[in-house]
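Structural description and commentary
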Amino acid sequence: MNIFLGTSANACIGIGKAFVIPNAEKRIIPQQHITDDEREKHLQRFDNSLANVITAIGAQLAAVKGDKVQSEIFETYYLMLNDPEFLGEVRKSFASSDMPIEYVLNQKTEEYADRLRCSGNEYLAERAQDICDIFGRVLDDMLDYHPFKIESVPDGAVIVAKTMNPSDTIILSKRKIAGLALIEGGVSSHVGILARSYGIPAVFALDKVTEEIKTGNTVIVDGIAGEVIDCPDEDTIKSYEVKIEKEKQRLEALSKFRNLPAVTKDGVKFSVMANIGTVEEAEMAAQEGADGIGLFRTEFLFMNEANQDIGSAHVHASGFSEEKQFAAYKRVLEIMKGKPVVIRTLDAGGDKIIKSAELQAFSIEEKNPLMGLRAIRLSLENPNLLKTQFRALYRASVYGNLKIMLPLITSVEQVRDALSIAEMAKNELRSEGVKFVEDVPIGIMVETAAAAMIADCFAKITDFFSIGTNDLTQYTLCVDRENTAVAPMYNEFHLAVLRLISMTVKEAETAGIPVSVCGEMAGKNDSALVLAGMGVRTLSVSSKRITKIKALLSQFTLPELQAISAKNLNVGMTLEII
Ligand code: PEP
Ligand code: MG
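Just so it is clear, the structure is predicted and the values come from calculations on it, not from any experiment.

The next point concerns the sheet that holds strand 2 (residues 7-10). Spatial strand order, 1-8-7-3-4-5-6-2: eight strands in an open sheet with mixed pairing. The sheet terminates laterally at strand 1 (2-5) and strand 2, the two strands that pair on one side only. The average angle at which neighbouring strand axes cross in this sheet is 30°, direction not considered. As defined by bridge partners, strand 7 (residues 218-222) adjoins strand 8 (residues 227-230) across four bridges and the pair is classed as antiparallel. Note on strand 8: the bridge partner recorded for Val221 is Val228. Sheet strands in contact with helix 7 (residues 190-198) are strand 2, strand 5 (179-182) and strand 6 (202-204), and its direction is about 55° off that of strand 2.

On to the site of ligand 1. Among the 16 residues in the neighbourhood of ligand 1, the closest are listed as Arg297, Arg344, Gly468, Asn470 and Arg481. Coverage of ligand 1 by the protein amounts to 100% of the 290 Å² it exposes when considered alone. Only helix 7, strand 11 (293-297) and helix 19 (469-477) provide two or more residues apiece to the shell around ligand 1. Looking at the shell around ligand 1, the element that brings in the most residues is helix 19, giving three residues.

By secondary structure assignment, the location of Arg196 is in helix 7. Ignoring sequence-local partners within four residues, the contact set of Arg196 consists of Ala9, Asn10, Val187, Ser188, Glu520, Ser542 and Lys544.

The side chains of a regular strand alternate between the sheet's two faces. In terms of burial, strand 4 (residues 157-161) is a largely internal element, five of the five residues being buried. Side-chain alternation along strand 4 places Ala157, Ile159 and Ala161 on one buried face and Val158 and Val160 on a second face that is also buried. The sheet contact formed by strand 3 (residues 13-20) and strand 4 spans four bridges and is parallel. For Lys17, the partnering residue across the bridge sits in strand 4 and is Ala157. Both strand 4 and strand 5 contribute to a ladder of four bridges, which runs parallel. When the bridges of strand 5 are listed, Val158 appears paired with Gly179. At this point the chain moves from strand 4, through helix 6 (residues 166-172), to the parallel strand 5, and the crossover so formed is right-handed.

To continue, consider the nonpolar core. Nonpolar side chains in soluble globular proteins generally cluster together in the buried interior. Ranked by internal contacts, the top residues of the largest apolar core, which has 115 residues, are Leu180, Tyr329, Phe390 and Phe465. Leaving out residues up to four positions away in the same chain, Phe390 has contacts with Thr345, Ile404, Leu406, Ala418, Ile421, Ala422 and Ala425. Of all hydrophobic cores here, the second largest spans 31 residues; its members include Ile29, Ile54, Ile57 and Leu116.

Position of Ala511 among the secondary structure elements: in helix 20 (residues 495-511). Given a relative accessible area of 42%, Ala511 falls into the partly exposed group.

For the rest of this paragraph, the subject is the confidence of the model for the chain. For the chain, per-residue confidence averages 89 on the pLDDT scale, and 93% of positions sit at 70 or higher. In this model, residues 305-318 is a region of pLDDT below 50 whose contacts with residues beyond four sequence positions or in other chains number 46 contacts.

Donor atoms from the polypeptide that bind the magnesium ion (ligand 2) are Glu447 (OE) and Asp471 (OD), placed at 2.0 to 2.1 Å. Placement of the pair is Glu447 in the loop between strand 14 (442-446) and helix 17 (449-453) and Asp471 in helix 19, with a sequence separation of 24 residues. Assigned by exposure class, Glu447 and Asp471 land together as buried.

Moving on to helix 22 (residues 546-553). Among the eight residues in helix 22, eight count as buried, and that is most of the element. Within helix 22, the full set of buried residues consists of Ile546, Thr547, Lys548, Ile549, Lys550, Ala551, Leu552 and Leu553. In this structure, the buried side of helix 22 is in contact with helix 9 (234-254), strand 9 (262-263), strand 10 (269-276), helix 10 (279-287), helix 21 (525-534) and strand 17 (538-542).

What follows deals with the pattern of salt bridges. The final tally for this structure, using the stated rule, is 28 salt bridges. Between Glu520 and Arg196 there is a salt bridge; the shortest N-O distance is 2.7 Å. Of the two residues, Glu520 is situated in the loop between strand 16 (515-517) and helix 21 and Arg196 in helix 7; the sequence distance between them amounts to 324 residues. Residues Glu520 and Arg196 agree in their burial class; the two are buried. One network of salt bridges, with partners in common, ties together Glu322, Glu323, Lys387, Arg391, Arg395, Glu428 and Glu432.

Turning our eyes to something else, we now look at the state of the cysteines. Tallied over the full model, the rule gives zero disulfides. Looking at Cys118, it has no disulfide partner, and the nearest cysteine sulfur is the one in Cys132, 12 Å off. On the basis of relative accessibility, which here comes to 67%, the residue Cys118 falls in the exposed class. The partly exposed category is assigned to Cys132, whose relative accessible area is 25%.

The next thing to look at is the packing of helix 9 against helix 22. When two helices pack together, you describe them by how their axes are tilted relative to each other and by the distance separating the axes. At their nearest, the axes of helix 9 and helix 22 sit 9 Å apart, and the two run at 65° to each other. When the axis of helix 9 is compared with that of helix 22, the two are roughly perpendicular. As for the relative orientation of helix 9 and helix 22, their crossing is left-handed in sense. When helix 9 is examined against helix 22, the residues Glu247, Arg250, Leu251 and Leu254 are found in contact with a partner set consisting of Thr547, Lys548 and Ala551. The residue inventory of the contact of helix 9 with helix 22, partitioned by class, reads three nonpolar, one polar and three charged.

Where helix 19 meets helix 20, the closest approach of the two axes is 9 Å, and the angle between their N-to-C directions is 130°. If you check the angle between helix 19 and helix 20, you find them oblique. Of the two elements, helix 19 crosses helix 20, and the hand of that crossing is right-handed. Note on element contacts: helix 20 touches helix 19 through Ala496, Val497, Leu500 and Ile501, opposite Thr469, Leu472, Thr473, Thr476 and Leu477. Per-class residue counts for the contact of helix 19 with helix 20 are six nonpolar, three polar and no charged.

Turning our eyes to something else, we now look at helix 1 (residues 39-63). Given 3.6 residues per helical turn, the α-helix brings residues three or four places apart onto the same face. Here helix 1 spans 36 Å end to end across 25 residues, near enough to the 36 Å set by a 1.5 Å rise per residue. All of the buried residues in helix 1 are Arg39, His42, Phe46, Ser49, Leu50, Val53, Ile54 and Ile57.

Another aspect to go through is a nonpolar patch on the surface. Together, Met1, Ile3 and Leu5 make up a nonpolar patch on the protein surface, roughly 330 Å² of accessible area in all. Looking at the element boundaries, Met1 is found in the segment before strand 1. Assessed through its relative accessible area of 55%, Met1 is described here as exposed.

Procedures and definitions
- Residues numbered from 1 in each chain as written.
- Chains lettered and ligands numbered in written order.
- Predicted model: local features only at pLDDT ≥ 70, side-chain atom pairs only at ≥ 80, totals over all residues.
- Heavy atoms only, no water.
- Pairing = 2+ DSSP bridges.
- Helix = DSSP H or I, 4+ residues; strand = E, 2+ residues; numbered from the N terminus.
- Axes fitted to C-alpha atoms, helices over the stretch in contact; angles between N-to-C directions.
- Contact = heavy atoms within 4.5 Å.
- Near = heavy atom within 4 Å.
- Areas by Shrake-Rupley, 256 points an atom, 1.4 Å probe, with all protein chains shown as cover.
- Buried < 20%, exposed > 50% of the residue type's maximum accessible area, 1.4 Å probe, protein only.
- Right-handed = clockwise from strand over helix to strand, strands pointing away.
- Core = buried A, V, L, I, M, F, W, Y, C linked by side-chain atoms within 4.5 Å.
- pLDDT = per-residue confidence, 0-100.
- Donors = N, O, S within 2.8 Å, 3.2 Å for Na, K, Ca; no water.
- Salt bridge = Lys/Arg side-chain N within 4 Å of Asp/Glu carboxyl O.
- Disulfide = S-S within 2.5 Å.
- Parallel < 35°, antiparallel > 145°, perpendicular 65-115°, else oblique.
- Left-handed = near helix turned anticlockwise from the far one by under 90°.
- Nonpolar A, V, L, I, M, F, W, Y, C, P; charged D, E, K, R; others polar.
- Expected span 1.5 Å × (residues − 1).
- Patch = residues over 30% accessible without salt bridge, like charges linked within 9 Å, V, L, I, M, F, W, Y side chains within 5 Å.

The following block contains the structure:
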């Protein structure tokens, strides 16, 4: 039995068999020059691998017969693999080069993909990712390289890995995963957020787990104590089974709060809403008694849609199509039956990388992506993409109580630019005779110090604020929320963060616009109380936290909450500083 100490990212317990995910290696393309005698062998290897992939795609095509969308994708792949023009170009280029065939194929594939991306034709641009995917498979076959596929993780496994990306976590949400044990990852990272949303026990910042835990070992992920136990003895397993059962009973006891309004002991009303990233999560939120959706992270929807489409970890451009977005937004609004639904425009970038033909032109290698072209900045650089999202949102607006939110706002100009793109979308719909709600409220995320400092200005041009404490903490304290090395400095209770929140709440109150908190602080017991005492009346949390937060609020009176806030804002930290 071996105990690893880490940081809790979701306070629940899971037991299962370990599945150690190998560190992602990159496909290595050989670069050494070849002699004329070797040419024949290279061509043979190319032909064999091409045939192998054609056979595999043929089998996949047969397996999805009847599914129009999937069939079309595999048919496109099939046609690409048999494209005489492209294959002829590869052979011709190889004949006049002294580089290995893998090198030539890789180069030609990239050239071809670039031509498609720059074609100016939306359909062709979308095919760029396809061509990279499919000839990537031929390359992998030639190089005998087998990249790890997240889909191969068995049900009931405890995942042991260095790190995970959000799109893989979304794929795992469809499986019964017993736990996550990661070397990297901050508690407020998107993987952490997703683990909490899906109720997956999770411990991060664990040292050497991928080296020391072996696939198949029994492992306990204790997200309450923040530790992982490898090869526990019988008594330990039994004691944890008892703990799991007790937790189940505690949750059952909380279930009575599902259908009760959130009120304090002295009758002050709150809204406890849900943060979601997929349509399925909206169903979960409704079941858990959410008063609405306080944050729909649409970038996860794009990732998820894409993964379902092509069954690979790549994020596909078709996820951006207006129809797909419209269907998803409409569905969420319908599920919430008239309760407010705040849908946030694309917040891609940072750790939420979306590889797509549409975004490719802007996906320069950034040295510091968290400070780079992410969120609203990326959307404003891609105005057509943002307009498409607005069109889908406005079209869906007639199906419920929609509010639109803009992420990572730092300047008034950004809001003005986004609003004018929204107007363009509305004008188009009007001229097409499409019905939509004219005055859908448009608000902003206050998640940078810049936004909090000039909240009074934003209050004049936006309809509501939602405070994103995850990024607000990260940017105010200059602490990467993903980085384990600085995790102890990621302190949401830092006086600077609390003052920025308090300022934002006051400015919203003065201007008479609603303010909510949708960062992780809203869903944690200690910080939720502080926020409530500051005057926040809408907390948006992961669905699994809704009943817990309602139960928590019911134990306090407003003066008690205000006292907790005042202590944190004034006395506690100030004394420490002195
Ligand atoms: C936040 O930053 O607090 C937030 C809610 O947005 P995200 O976690 O998606 O960055
Ligand atoms: Mg954010």
